[in-house]
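Structure assessment
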Amino acid sequence: MVDRSYLDWPFFEERHRQLARELEDWARQQPNYQHPVNVDDACRELVAKLAGAGWLNYSAPAPRDAADRPLDVRSLCIIREILARYSGLADFAFAMQGLGSGAISLFGNQGQKDDYLPAVRSGKKIAAFALSEPEAGSDIAALTTSAVFSGADYVINGEKTWVSNGGIADYYTLFVRTGEAGAGGLSAIIVDADRPGLEIAERIDVIAPHPLARLKFNECKVPKTKLLGKPGEGFKIAMATLDVFRATVGAAALGFARRALDETLEHTTRRRLFGAPLADMQMTQDKIADMAVAIDASALLIYRAAWAKDCLAGRATREVAMAKLHATESAQTVIDQAVQLFGGRGVTSGEKVEELYREIRALRIYEGASEIQKLIIARQTLSRSLKGTDK
Ligand code: COS
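Numbers given for residues are sequential positions, taken from 1 along each chain in its written order. Given that this is a predicted model, residues contribute local features only at a pLDDT of at least 70 and side-chain atom pairs are listed and counted only at 80 or more, while totals for whole chains, interfaces and linings are drawn from all residues. Only heavy atoms go into the side-chain values, all of them from the structure, while hydrogens and water stay out.

1. Quick notes on the side chain of R358
Threshold: Numbering of helices and strands runs from the N terminus, with a helix taken as a DSSP run of H or I at least four residues long and a strand as a DSSP run of E at least two residues long. Note on classification: 1.4 Å probe, protein chains only; a residue is buried when its accessible area is under 20% of the maximum for its type, exposed when over 50%, partly exposed between these limits. Any pair of residues with heavy atoms lying within 4.5 Å of one another is described as a contacting pair.
Of note, R358 is situated in helix α9 (residues 352-361). On the accessibility criterion, R358 (18% relative accessible area) is buried. With near-sequence residues (within four places) excluded, R358 lies in contact with Q34, H35, I207, A208 and P209.

What follows is the structure, encoded as structure tokens:
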């Protein structure tokens, strides 16, 4: 029985509770997609299934009216948490449709929204977000892929790497340099995957398999109508998009951690050691207590950040960074404790906790490594103290 009592916290509305119930029922019936024969095909299938069931309406929503916020972060977090609890690949497929279209939802003009968002919602287009470069992962202001305006087109040259959905995406939200050095010289542009001059240079294999690639751009021409916002707004577009999706990375980590605790409770109450269930041993209870506290603390930070993003004015950058940092770091510890309590089974291929152990690792790195989240939190905390405000 899944404990959903945290959905009674004041961060949520009835629509969130209903979403959680409906998604839980759906997710429970889906296959796990652990070790798929072909990860690209599995992702395509998952995107189609998520679209068919209506869950992608949350990653690229159609606003109900002009006052509607483009993305409801609490819904995105609930969905990632529940999907991750059942299948890392399902969570990945959902998350990338959102991250790859988020900048269009937040900053696109009506034509761009019409061209891409309905296709992302219906699963007809697979989306990707291409920010990192071989020499610029954390220091985004140093990226060098260039887009030079010529005639009616931008001409793009350079390289992107660690691009999730690279190789299967129908388009990339790409961050390029159009102006001076530093953060102020960046722009965001939509590049369709079939543009001449865009090449998948290399597919990258990782410990929790999902589509990932290095892209090369060689004199790749993209019409100027594909520019998101204004030239020079790229850094802010990237950061504002990450302010939404970093909280959801924390939510996915929370889903993995909850599953690790579920598995641990099941295992330690059945497994007998020295004539008694493993769960009766105080050292086991010590770990279970630590896991339970870590999970509740993550949930509080994540849903506080999501609520702040949805309901308060301003950026919520600090709350989001705290949520991602704590949830991903503590999920790693929770899962490690689960593996320890499983003993030899814990490191056996095919065991759920072994899968979780591989799944969690990248979340402490992508969309801003833990060290970057600490920088953000420290800067924000210092600037608040200098301004003499606690708000
Ligand atoms: N929302 C909107 N604007 C933001 C913002 C945010 N969350 N964060 C920063 N900005 C703005 C700043 O206000 C500043 O604007 P002004 O020049 O008008 O004041 C500008 O962007 C530059 O900000 P800052 O000086 O803080 O940038 P830095 O180069 O020092 O970089 C970090 C800040 C390190 C936090 C940033 O580069 C970062 O998040 N890096 C990690 C990137 C990442 O996630 N990589 C993984 C790739 S995605 S898988």
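Next comes the rest of the write-up.
2. Quick look at the pattern of salt bridges
Condition: When a carboxyl oxygen of Asp or Glu lies within 4 Å of a side-chain nitrogen of Lys or Arg, that pair is called a salt bridge.
Within the structure shown, the criterion is met by 26 salt bridges. Close ionic contact of K160 with E133 constitutes a salt bridge, the shortest N to O distance being 3.0 Å. Of this pair, K160 sits in strand β3 (residues 153-164) while E133 sits in the loop between β1 (127-130) and β2 (146-150), placing them 27 residues apart in sequence. Side by side, K160 and E133 carry an identical accessibility label, which is buried. A salt bridge links E351 to R345, with the shortest nitrogen-to-oxygen separation between them at 3.0 Å. Linked by salt bridges that have partners in common, E13, R15, D72, R74 and D310 make up one network.

3. Quick look at the pairing of β2
Filter applied, for reference: Should DSSP find at least two bridges between two strands, the strands are regarded as paired.
For β2 and β3, the ladder comprises five bridges, and the chain directions are antiparallel. When the bridges of β3 are listed, V148 appears paired with V155. Connecting β2 to the next strand, β3, in antiparallel fashion are two residues, including G151 with a positive phi near 65 degrees.

4. So, the site of the ligand
In plain terms, the rule: Whether a residue is near a molecule or strand depends on its heavy atoms: if one lies within 4 Å, it is near. We define a polar contact as two N or O atoms separated by no more than 3.5 Å, with the added condition that, inside protein, one atom must be a possible hydrogen donor and the other a possible acceptor, whereas residues neighbouring each other in sequence contribute only through side-chain atom pairs.
Close contacts around the ligand come from 20 residues, with G137, S138, D243, R246 and G368 the closest. Between the ligand and the protein, one listed contact pairs a nitrogen atom with a backbone N or O atom of S138 at 2.8 Å. Of all elements in the fold, only α6 (234-270) and α10 (370-387) reach the threshold of two or more residues within the shell around the ligand. In terms of residue count, the dominant contributor to the shell around the ligand is α6 (seven residues).

5. Quick look at the environment of R358
For R358 and P209, which are 149 residues apart along the polypeptide, the C-alpha to C-alpha distance reads 9.3 Å. At 2.8 Å, the side chain of R358 and the backbone oxygen of I207 are in polar contact.

6. Some points on empty space enclosed by the protein
To keep things clear, this is the line we draw: A cavity here means a set of 1 Å grid points, computed over protein atoms only, where a 1.4 Å probe fits but cannot escape. A pocket is an open set with protein on both sides within 12 Å along at least 5 of 7 lines, and lining residues have an atom within 4 Å of a point. Grid points are joined across faces, edges and corners, and a volume is the space filled by probe spheres set on the points. In this classification, the charged set is Asp, Glu, Lys and Arg, the nonpolar set is Ala, Val, Leu, Ile, Met, Phe, Trp, Tyr, Cys and Pro, and all remaining amino acids, among them Gly, are polar.
The final tally for this structure, using the stated rule, is four cavities of 30 Å³ or more. By volume, the largest cavity is sized at about 100 Å³. Looking at the largest cavity, the residues that line it are N32, Y33, Q34, H35, P36, G88, L89, A208, P209, E355, R358 and E359. At the level of elements, α4 (88-107) and α9 are the ones that each hand at least two residues to the lining of the largest cavity. A per-element tally of the lining of the largest cavity places α9 first, with three residues. Residues of the lining of the largest cavity, tallied by class, amount to five nonpolar, four polar and three charged.

7. Points about helix α5 (residues 110-121)
Here is the rule: Multiplying one less than the number of residues by 1.5 Å gives the expected span of a helix.
Spanning twelve residues, α5 covers 16 Å between terminal C-alpha atoms, matching the ideal 16 Å at 1.5 Å per step. Taken together, the buried positions of α5 are Q112, Y116, L117, A119, V120 and R121. On its buried face, α5 is in contact with α2 (39-52), α4, β1, β4 (171-177), β5 (186-192) and β8 (227-228). Capping the start of α5, N109 holds a side-chain oxygen 3.2 Å from the backbone nitrogen of G111, two or three residues further along. Of the residues flanking the end of α5, it is G123, one or two places downstream, whose phi is positive at about 80 degrees.

8. Notes on the packing of aromatic side chains
Put simply, the test is: Under the pairing criterion, centres of Phe, Tyr and Trp rings, with the six-membered ring standing for Trp, must be within 6.5 Å; the plane angle then separates stacked pairs below 30 degrees from edge-to-face pairs above 60, leaving the rest tilted. Each ring is checked for a lysine NZ or an arginine CZ that lies within 6 Å of its centre and within 35 degrees of its normal; such an atom marks a charge sitting over the ring.
In the structure shown here, the tally under the stated rule is ten aromatic pairs. With 6.3 Å between their ring centres and 70 degrees between their planes, Y6 and F12 make a pair best called edge-to-face. According to the relative accessible area criterion, Y6 is buried, its value standing at 6%. Directly above the ring of Y6 sits R258, whose terminal nitrogen or CZ lies 4.3 Å from the centroid.

These figures come from the coordinates and say nothing about function on their own.
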